[in-house]
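Structure assessment
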Amino acid sequence: MAGIFSTVKRIYLAIYNWAVFSGWLQVLIFAIKALNESGPAAVYDNVEKPLQLAQTAAILEIIHGLIGLVRSPVSATLPQIGSRLFVTWGILYSFPETRTHVLVSSLVISWSLTEIIRYSFFGMKEALGFTPSWLLWLRYSTFLLLYPTGITSEVGLIYIALPYIKASEKYCFRMPNKWNFSFDYYFASIGVLGIYVPGSPHMYTYMLGQRKKALSKLKAA
Amino acid sequence: MKVTLVSRSGREVVKGGIELEDSATVKDLQETIHARTKKYYPSRQRLTLPAKPGVSARPVVLNPKSKVLDFCEKGNSDNLTVLFKDLGPQVLYSTLFFFEYLGPLVIYPLFYYLPLYKYFGYANTERTIHPVQTYAMYYWCLHYSKRILETFFVHRFSHATSPLSNVFRNCLYYWTFGAYIAYYVNHPLYTPVSEIQWKIGFAFGLLCQVSNFYCHIILRSLRSPSGNGGYQIPKGFLFNIVTCANYTTEIYQWLGFNIATQTVAGYVFLVVATSIMTNWAMGKNRRLRKLFDGKEGRPKYPRRWLVYCCDGSWPLSDVQCLLNLCGCSVSGFSIVSSMSVQIP
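Residues numbered from 1 in each chain as written. Chains lettered and ligands numbered in written order. Predicted model: local features only at pLDDT ≥ 70, side-chain atom pairs only at ≥ 80, totals over all residues. Heavy atoms only, no water.

1. Let's talk about the interface of chain B and chain A
- In this complex, chain B contributes 15 residues to the contact, which on the side of chain A involves eight residues.
- Taken over both partners, the interface formed by chain B and chain A buries close to 1,100 Å², and the fraction arising from carbon and sulfur atoms is 60%.
- Of all residues in chain B, B:Tyr184, B:Gln262 and B:Val264 bury the most surface against chain A, accounting for 44% of the area lost on that side.
- For the side of chain B that touches chain A, the element with the highest residue contribution is helix α8 (residues 318-342) of chain B, accounting for four residues.
- In terms of residue class, the side of chain B that touches chain A is made up of eight nonpolar, seven polar and no charged. (Contact = heavy atoms within 4.5 Å. Buried area = accessible area lost by both parts, 1.4 Å probe. Helix = DSSP H or I, 4+ residues; strand = E, 2+ residues; numbered from the N terminus. Nonpolar A, V, L, I, M, F, W, Y, C, P; charged D, E, K, R; others polar.)

Pasting the structure below:
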């Protein structure tokens, strides 16, 4: 019984990881193509659908962590996926004025490169039982550059969206009402920017710790 | 006898060790360490026996009241190696509680009395103060004044100190939620509930606050002033039904406040506070059941409800407790919603 369950789990995770991998591969290819042919302003329109699909699929990873299917702590996956979904849907999708900014290109490339490496790493582990050491090295080293570029792009795009957020009144809920509740999307977005201040060093040092563990295991092997 | 004091990394904390009389207590050892190191006052020291290789049991903590000799191995009463850990700067629990409760006590009336809402874009909104808003402010201030007075005159703490970092963490929690709730209840566009609803809410809340105070008195009497801060089985009043009757009454007290004031902010605070206290209650329940297992002449800790609706005698998973929490929050919401519908 336990044997069947772990096999099913492996097959499911293998399919999941390779499927999302192909989504991000598409994003990267379309992005580079657009950059070559038209320039940064055209990148978003070319990647929108695979980007939204691949990024939103990551919600499953939180569930995987909660039900114990994977070992990653929810405290590390939740802020990362939260910020990605906020930028993808809450900024780029909701405020088209931001789509032509050059930071979209750096964002999309940082995200897709990181995710291509990450999903193929997990996909190989589930499907083949091992990962080649060069992939392990990539997985635990490229973040050193791609985290800063990705985070800068995310923060930058949220920041340039602020005036549009304020003017549009989108997603705002005002008083008076029976539940004495209000929500101001502009202040919430500023709040999200604030979270990046402790959040980014937390994520970066977490990955540094993971890198140390992973690469020392490699040396020992 | 000689005590060798080492840190986790093997470094000697006090070079050359410490010479003590055979009759010395751990408290004497702590004071000597303080004298020799200047920086590490006793409440900052965590002294344990080094773990035996291969044994993964919880480390033996050196109790200040015990004699140092008690921790020596049989046959070796001249030497003892003690593991030292620096717990970091410590504050008295009463200091911690005072500052975390002072924030809400001061911040809430600011929103009631001062024209702060012009800074939130409501400069031109006229403000009529509803009676419920005034009573809410009195209720809130009564609650936090009570907490401060209890801190200094009622509570007897099991540990004298708490790490300094907890001051920042706890103040962030209390002060932020205090401001968040105060903003909405005192808002110029605040919508009050019906008079009967807020009267019932405050009355119920006050009843729970009085009960909560009585629970604290009972807990106080379990610990003698010079005692070792150990645990006893709480008896009497609501402790015959629930393990942590003090948390139960506190939770229902906040429910009363929310029924009266009806803000999402208040209910969010209720849910968060309830989950924190439920966690504590689970730990306390586990500890009491372990300590009072009925063996070796110890009394057996009787079956008790956990906080308000889960049975404390079977282990609950996080998911089950979350469901219980949601269930109680939902029932709280539905009680209030149905009242607002029926009583226009």
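2. Examining the layout of surface pockets
Residues and elements named next belong to chain A.
- Within this model, the second largest pocket holds a volume of roughly 1,200 Å³.
- As for the second largest pocket, its lining consists of 44 residues, and the residues nearest its centre are Ser72, Phe121, Phe122, Arg139 and Tyr140.
- Contributing elements (two or more residues each) for the lining of the second largest pocket: α1 (2-37), α3 (59-66), α4 (74-93), α5 (103-128), α6 (133-139), α7 (143-168) and α8 (185-220).
- With nine residues, the top contributor of residues to the lining of the second largest pocket is α5.
- Tallied by class, residues from the lining of the second largest pocket come to 23 nonpolar, 10 polar and 11 charged. (1 Å grid on protein atoms, 1.4 Å probe; cavity = no way out; pocket = protein on both sides within 12 Å on 5 of 7 lines; lining within 4 Å. Points joined across faces, edges and corners; volume = space filled by probe spheres on them.)

3. A look at a nonpolar patch on the surface
Residues and elements named next belong to chain A.
- A cluster of nonpolar side chains, Tyr12, Ile59, Leu60, Ile63, Leu66 and Ile67, forms an exposed patch at the surface whose accessible area comes to about 560 Å².
- When residues of the nonpolar patch are assigned to their parent elements, the largest contribution, four residues, is made by α3.
- Mapping Tyr12 onto the fold places it in helix α1. (Patch = residues over 30% accessible without salt bridge, like charges linked within 9 Å, V, L, I, M, F, W, Y side chains within 5 Å. Areas by Shrake-Rupley, 256 points an atom, 1.4 Å probe, with all protein chains shown as cover. Salt bridge = Lys/Arg side-chain N within 4 Å of Asp/Glu carboxyl O.)

4. Focus: the UniProt feature "transmembrane region" (unreviewed entry) in chain B
Residue and element names in this part refer to chain B.
- UniProt's feature table lists "transmembrane region" (unreviewed entry) at residues 91-114, 172-190, 202-219 and 264-282, given in the numbering used throughout.
- End-to-end, the C-alpha atoms of residues 91-114 are 33 Å apart, and along that stretch the chain is 88% helix and 8% strand.
- Secondary structure across residues 172-190 divides into 74% helix and 0% strand, with the first and last C-alpha atoms of the span separated by 25 Å. (UniProt positions renumbered as here; feature names shortened; annotations may be inferred.)

5. A word on the packing of α1(A) against helix α2 (residues 43-57) of chain A
Residue and element names in this part refer to chain A.
- Relative to each other, α1 and α2 sit at 165°, their axes nearing to 9 Å. The orientation of α1 relative to α2 falls into the category roughly antiparallel. When you trace α1 past α2, the crossing you get is left-handed. Listed contacts from α2 to Tyr16, Val20, Gly23, Trp24, Gln26, Val27, Phe30, Ala31, Ala34 and Leu35 of α1 are Val43, Asn46, Val47, Pro50, Leu51, Ala54, Gln55 and Ala57. (Axes fitted to C-alpha atoms, helices over the stretch in contact; angles between N-to-C directions. Parallel < 35°, antiparallel > 145°, perpendicular 65-115°, else oblique. Left-handed = near helix turned anticlockwise from the far one by under 90°.)

6. Here we look at the sheet that holds strand β4 (residues 79-86) of chain B
All names here are of chain B.
- One open sheet accounts for four strands, arranged β2-β1-β4-β3; its pairing is mixed. For this open sheet the edge positions go to β2 (18-19) and β3 (45-48), each flanked by a neighbour on one side alone.
- Direction of pairing for strand β1 (residues 2-7) relative to β2: antiparallel, over a ladder of two bridges. Each bridged residue has a counterpart across the sheet, and for Val3 the counterpart in β2 is Ile18. (Pairing = 2+ DSSP bridges.)

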